[in-house]
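Single-letter residue listing:
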Amino acid sequence: MNIAIITSGGDAPGMNAAIRAVVRSASGQGFKTLGVEKGFLGLIENLFKLLTPRDVSGIINTGGSILKSSRCDLFKTPEGLEKASENLKSRRVDWVITMGGDGSMRGALSLSEVSGIPVTVIASSIDNDIAGIDETIGFDSAVNTAVQAIDKIRDTAVTYDRVFIVEVMGRNRGFLALEVALASGAEFAVIPEHPITVEEIAKRIKQMGEIGKRSSIIVKAEGAIGDPFQMASKLRELTGYDLRVTVLGYIQRGGVPTARSRNLACLFGKRAVELAAERKKNRIVGLKDGQVVDLNIREVCESIKKIDDEKYELVSILAI
Ligand code: F6P
């Protein structure tokens, strides 16, 4: 069997560990692995290279993707999908393993529909927004990176009695923000799933001030409320507090993967190859209730992941 492996969309710490797990598990089964460079764009541009177990040495502890990635609009067109499919067939690829998040999963499904080649998706995304899956590769690493940054920011917040808005990634969902807010002891988790107005936040900041709490951390998901700097100036006006903004940005996507992200990568990579060996097509591999599971990609694409409301409430309960 010839397996093509692709890393697509946003990189997530642990992707390299998953590449290693796929290549070595595949080799153990007597399968050949072809790495596709630059994500789905590389499928269109025919950027394949053979990956042997030796080629994936020394990468379990590195961030990014040795295969590189891309955002590829061409892949969303019939022409792009046709070209990708032609290239896969000319390389005699029997199975495609793609690592990525929600968008990559949808792209992989379209590819399978057009090419007839089965796919397996390894859930890898710092957004952790895939329905039916509790945890993706990279999420734990991104949470820890953001929490470490906020621990440092809190030192300044407390020293100067300041309020900080810390914006984290997550696209249009609040999973990363909520996990980070709870773990960093933030006073607010501002997430798209629980809309809140700036006026409401201002009121709570003032109430907390009255009971002696003079500094706060607002963890804001990038998809909630809007521009953090505008939010800060409005809050400044409404509360009279000294406010600062930190947008954590891409530091959350890079860096050394945590042990947890690496271990998930090893488990998911192995399972993805087993699915190919079992000819169980079009599944996504992730963690659910502490177990490695594989779910039907189409069903996952049609569902929306729910936010944990209890966790959201807990941030406020513990913020007094
Ligand atoms: O999906 C991962 C993610 O980092 C999101 O959190 C963020 O909105 C987006 O990717 C940023 O994308 P890009 O790398 O194209 O700027």
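Everything below is about the structure shown above.
A short tour of the structure in this document, coming up. (Residues numbered from 1 in each chain as written. Predicted model: local features only at pLDDT ≥ 70, side-chain atom pairs only at ≥ 80, totals over all residues. Heavy atoms only, no water.)

1. A closer look at the sheet that holds strand S2 (residues 32-36)
Stage number 1. Strand order in this open sheet of seven strands is S3-S2-S1-S4-S5-S10-S11, and the pairing throughout is mixed. Unpaired on one side and paired on the other, strand S3 (48-51) and strand S11 (291-296) mark the two borders of the sheet. On average, each strand axis in the sheet is tilted by 30° relative to the strand beside it, whichever way the strands run.
Stage number 2. Helix H9 (residues 259-277) contacts strand S1 (2-7), strand S4 (95-100), strand S5 (119-123), strand S10 (283-288) and S11 of the sheet and is inclined by roughly 145° relative to S10. (Pairing = 2+ DSSP bridges. Helix = DSSP H or I, 4+ residues; strand = E, 2+ residues; numbered from the N terminus. Axes fitted to C-alpha atoms, helices over the stretch in contact; angles between N-to-C directions. Contact = heavy atoms within 4.5 Å.)

2. Describing the pairing of strand S6 (residues 162-168)
Stage number 1. Along S6, seven of the seven residues are buried, which leaves the element largely enclosed by surrounding structure.
Stage number 2. Burial along S6 is two-sided: the face carrying Arg162, Phe164, Val166 and Val168 and the face carrying Val163, Ile165 and Glu167 are both buried.
Stage number 3. Both S6 and strand S9 (residues 242-247) contribute to a ladder of six bridges, which runs parallel. Of the residues in S9, the one forming a bridge with isoleucine 165 is valine 245.
Stage number 4. Bridge analysis of S6 against strand S8 (residues 216-221) gives six bridges, and the strand direction is parallel. Bridging across to S8, valine 166 finds its partner in valine 219. (Buried < 20%, exposed > 50% of the residue type's maximum accessible area, 1.4 Å probe, protein only.)

3. Digging into the packing of aromatic side chains
Stage number 1. Counted by the stated rule, this structure contains one aromatic pair.
Stage number 2. Of note, arginine 162 hangs over the ring of tyrosine 160, and the distance from its end group to the ring centre comes to 4.4 Å.
Stage number 3. Lying over the aromatic face of phenylalanine 175, lysine 305 brings its terminal NZ or CZ to 4.7 Å of the ring centre. (Phe/Tyr/Trp six-rings, centres within 6.5 Å; stacked < 30°, edge-to-face > 60°. Lys NZ or Arg CZ within 6 Å of the ring centre and 35° of its normal.)

4. Focus on the site of the ligand
Stage number 1. As a structural note, the neighbourhood of the ligand is formed by Arg71, Ile126, Asp127, Met169, Gly170, Arg171, Glu222, Tyr250 and Arg253.
Stage number 2. Here glycine 170 contributes a backbone N or O atom positioned 3.0 Å from an oxygen atom of the ligand.
Stage number 3. At 3.5 Å, a backbone N or O of arginine 171 approaches an oxygen atom of the ligand.
Stage number 4. Computed on the free molecule, the ligand has an accessible area of 400 Å², of which 77% lies beneath the protein chains in the complex.
Stage number 5. Along the lines of polarity and charge, the residues of the shell around the ligand split into three nonpolar, one polar and five charged.
Stage number 6. Counting only domains with at least three residues in the shell around the ligand, you end up with domain 1 (2-138 + 257-301) and domain 2 (142-253). (Near = heavy atom within 4 Å. Polar contact = N/O pair within 3.5 Å; in protein donor to acceptor, adjacent residues only side chain to side chain. Areas by Shrake-Rupley, 256 points an atom, 1.4 Å probe, with all protein chains shown as cover. Nonpolar A, V, L, I, M, F, W, Y, C, P; charged D, E, K, R; others polar. Domains from an automatic or database assignment.)

5. What to know about the nonpolar core
Stage number 1. Core analysis: the largest hydrophobic core is formed by 77 residues, its most contacted members being Val180, Ile201, Ile217, Ile218, Val219 and Leu235.
Stage number 2. With nine residues, helix H5 (residues 139-160) is the largest single contributor of residues to this core.
Stage number 3. For this core, the two domains that each supply at least three residues are domain 1 (2-138 + 257-301) and domain 2 (142-253).
Stage number 4. Excluding anything up to four places from it in sequence, isoleucine 201 contacts Phe188, Val190, Ile196, Ile218, Ile225, Met231 and Leu235.
Stage number 5. Ala4, Leu88, Val93 and Cys301 belong to the second-largest nonpolar core, a separate cluster that totals 30 residues. (Core = buried A, V, L, I, M, F, W, Y, C linked by side-chain atoms within 4.5 Å.)

The analysis is restricted to geometry; functional conclusions fall outside its scope.
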